[in-house]
Amino acid sequence: MAGEPQADCLFCKIVAGQIPATVVRETETTVAFRDINPQAPTHVLVIPKVHYPDAASLAAAEPGVAADILREAGQVALDDKIVEHGYRVVFNTGSGAGQTVFHAHAHVLGGRGLQWPPG
């Protein structure tokens, strides 16, 4: 059921504390942790504690939590001191876009030049 933890979801297991992660921030509704395969000096994932497969389904069901993810992404950028030079917030949706964990999440990337268009 949408919003409920999924037994086979990596990110649900991180939220539950069953799998370790390098957590940099946590709120009532979100967890932010360092990506294990960083693509930039700062590469942090910000996830909701509730399970939705992608950003669009999260925003439709719980727009306040979607806003919390964006707010926390900005705070991660402040904490990592990447605001001045710029940073990127990315939501991949679907395997064709590179989504590998089907639990909504934002990538916060910065600390190096980020070209446009992306890969």
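Within an unreviewed UniProt entry, the label attached to the protein chain reads Histidine triad nucleotide-binding protein, and the organism entered is Streptomyces virginiae.

The next subject is the pattern of salt bridges. According to the stated counting rule, one finds 5 salt bridges in the structure shown. For Asp80, the salt bridge goes to Arg34, with nearest N and O atoms at 2.9 Å. Here Asp80, found in the loop between α3 (63-79) and β4 (87-90), pairs with Arg34, found in strand β2 (residues 30-34); they are 46 residues apart in sequence, far enough to count as distant. Arg34 gets classed as partly exposed once you look at its relative accessible area, which sits at 30%. For the salt bridge of Arg71 with Asp68, the shortest nitrogen-to-oxygen distance reads 2.2 Å. Taken as a pair, Arg71 and Asp68 lie in helix α3 at a separation of 3 residues, close to a single helical turn.

With 15 residues, the main nonpolar core has Ala32, Val44, Val46, Leu58, Ile69, Val76 and Val108 as its most contacted residues. At the level of elements, β3 (42-48), α3 and β5 (106-110) are the ones that each hand at least two residues to this core. By residue number, the principal contributor to this core is α3, which donates 6 residues. Ignoring any residue separated from it by four or fewer positions in sequence, one finds Val44 in contact with Val24, Ala32, Phe33, Arg34, Asp35, Val76, Ala106, His107 and Val108. Counting 9 residues, the second largest nonpolar core, distinct from the first, contains Phe11, Ile14, Phe33 and Ile47.

Positionally, Val101 belongs in the loop between β4 and β5. Its relative accessible area of 14% is what places Val101 among the buried residues. With 91 residues separating them along the chain, Val101 and Leu10 place their C-alpha atoms 7.2 Å apart. For Val101, the contacting residues outside a window of four places in its chain are Leu10 and Phe11.

Criteria and cut-off values
Residues numbered from 1 in each chain as written. Predicted model: local features only at pLDDT ≥ 70, side-chain atom pairs only at ≥ 80, totals over all residues. Heavy atoms only, no water. Salt bridge = Lys/Arg side-chain N within 4 Å of Asp/Glu carboxyl O. Helix = DSSP H or I, 4+ residues; strand = E, 2+ residues; numbered from the N terminus. Buried < 20%, exposed > 50% of the residue type's maximum accessible area, 1.4 Å probe, protein only. Core = buried A, V, L, I, M, F, W, Y, C linked by side-chain atoms within 4.5 Å. Contact = heavy atoms within 4.5 Å.

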